[in-house]
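The lines below spell out each chain.
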Amino acid sequence: MSPYDPSAFPPFAVTVDLVVLTVRRHSLCALAVRRGEAPFQGRWALPGGFVRDDEDLATAAARELEEETGLCAHDPGTLAAPGNGAHLEQLATYGDPKRDPRMRVVSVAHLALAPDLPAPKAGGDAHSARWAPVETFLEPEDEETGALAFDHSQILADGVERARSKIEYSSLATAFCPPEFTVGELRRVYEAVWGVALDPRNFHRKVTGTPGFLVPTGGTTTRQGGRPAQLFRAGGATLLNPPMLRPEV
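An account of the accompanying structure is given in this report.

Concerning the nonpolar core
- Counting residues in hydrophobic clusters, the biggest one holds 44 residues, and the most contacted among them are Leu 21, Leu 156, Leu 186 and Tyr 190.
- When residues of this core are traced back to their parent elements, those giving at least two are strand E1 (13–24), strand E2 (27–35), strand E5 (87–94), strand E6 (105–113), helix H2 (134–138), helix H4 (152–169), helix H5 (183–194) and helix H6 (200–209).
- No other element matches H5, which puts 7 residues into this core.
- Residue contacts for Leu 156: discarding those within four places in its chain leaves Val 19, Leu 21, Ala 30, Leu 46, Val 134, Phe 137, Leu 138 and Leu 148.
- Membership of the second largest hydrophobic core comes to 14 residues, among which are Val 20, Leu 88, Ala 112 and Leu 117.

Structure follows, in structure tokens:
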């Protein structure tokens, strides 16, 4: 075996990119920042940044999430308790040699989910930030100027699909809800994430009949208008049995 030669391996950087999703006005929305510096100056991109020398990946992702949204993330790999922060998990790694024109950059993307979030504030090298329906970035009217910078359109698409598939078999949908919520509010989360309309009665029967999914709080609310609706909180189940299968579109 030949001796290890460091010069044979050019340096590269590691970044974290964040797919931050929330439900705003009954739409699944993603957080994007307008880049204030080259490359892709002026283009929209996912929030993120370079991993510092003294950080592991989870720490870097949590730091970027807090800097961009003010949210404190729960431990990656666990389901967040609704209303106490964001659910944060590792999504995938992206390492195309040409994905960043500056140098070889490997990005470890993370998925963050949280209830209805306030207007974001730009930080770091971002000129501005905004929430927009995911279709705005995944199906831009002008592909050349409307698509996200770098390979962030692909990362966003992968994050959206992860969220859509994961709420089928886990209780992750409750991460989009406040601590106490109605079945109708939970249904609107599923509708926003999946992009479909669901039958209210069938949905109510499924979620209330799934062991460990929802726990009645004993309270009611009229915040949605109409008659008082029963309030629930997330139960202890992390996996749903039976799963909430996506309707075929």
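Now, onward.
What to know about the packing of aromatic side chains
- Under the defined criterion, the tally for this structure stands at 3 aromatic pairs.
- For the ring pair Phe 40 and Phe 150, a centre distance of 4.8 Å and an interplane angle of 70° mean the geometry is edge-to-face. Taken together, the residues span a long stretch of sequence, with Phe 40 in the loop between E2 and strand E3 (44–45) and Phe 150 in the loop between helix H3 (143–146) and H4 at a distance of 110 residues.
- Under the relative-accessibility criterion, Phe 40 is labelled partly exposed at 30%.
- When its relative accessible area of 17% is taken as the criterion, Phe 150 is described as buried.
- Geometrically, the ring pair formed by Tyr 190 and Phe 203 is edge-to-face, given 5.4 Å between the ring centres and 65° between the ring planes. Remark: Phe 203 occurs in helix H6 and Tyr 190 occurs in helix H5; sequence separation between them is 13 residues.

Details of the side chain of Asp 100
- With respect to the helices, strands and loops of the structure, Asp 100 is situated in the loop between E5 and E6.
- On the basis of relative accessibility, which here comes to 5%, the residue Asp 100 falls in the buried class.
- Of the polar contacts made by the side chain of Asp 100, one reaches the side chain of Arg 102; its length is 2.6 Å.

Looking at the pairing of E1
- Most of E1 is tucked away: 11 of the 12 residues are buried.
- Where E1 lies against E6, 9 bridges are found, and the strand directions are parallel. Bridging from a neighbouring strand, Thr 15 pairs with Ser 107 of E6.
- In this sheet, strand E4 (residues 48–50) lies alongside E1 in antiparallel orientation, the contact comprising 3 bridges. Its bridge partner being in E4, Val 16 is matched across the sheet by Gly 49.
- Relative to E2, E1 is paired through 4 bridges, and the arrangement is antiparallel. Across the sheet, the residue bridging to Arg 24 is Ser 27, located in E2.

Thresholds applied
- The numbering scheme is per chain: residues are counted from 1 as the chain's sequence reads.
- In keeping with the model being predicted, local features are shown solely for residues with a pLDDT of at least 70 and side-chain atom pairs are shown and tallied solely at 80 or more, while totals for entire chains, interfaces and linings include all residues.
- Note that water and hydrogens are dropped before the side-chain values are worked out from all heavy atoms of the structure.
- Residues belong to a common nonpolar core when they are buried Ala, Val, Leu, Ile, Met, Phe, Trp, Tyr or Cys residues joined through side-chain atoms within 4.5 Å.
- In this scheme, a residue with accessible area under 20% of its type's maximum is buried, one over 50% is exposed, and one in between is partly exposed, where area comes from a 1.4 Å probe on protein chains only.
- Put simply, DSSP H or I for four residues or longer makes a helix, DSSP E for two residues or longer makes a strand, and each gets a number counted from the N terminus.
- Contact between two residues is taken to exist if any of their heavy atoms lie within 4.5 Å; hydrogens are not considered.
- When two rings of Phe, Tyr or Trp (its six-membered ring) have centres within 6.5 Å they constitute a pair, described as stacked for plane angles under 30 degrees, edge-to-face for angles over 60, and tilted for the intermediate range.
- Under this definition, polar contacts are N or O atom pairs within 3.5 Å; protein pairs additionally need one hydrogen-donor-capable and one acceptor-capable atom, and for neighbouring residues in sequence, both atoms have to be side-chain atoms.
- At least two DSSP bridges between two strands are needed for those strands to be called paired.

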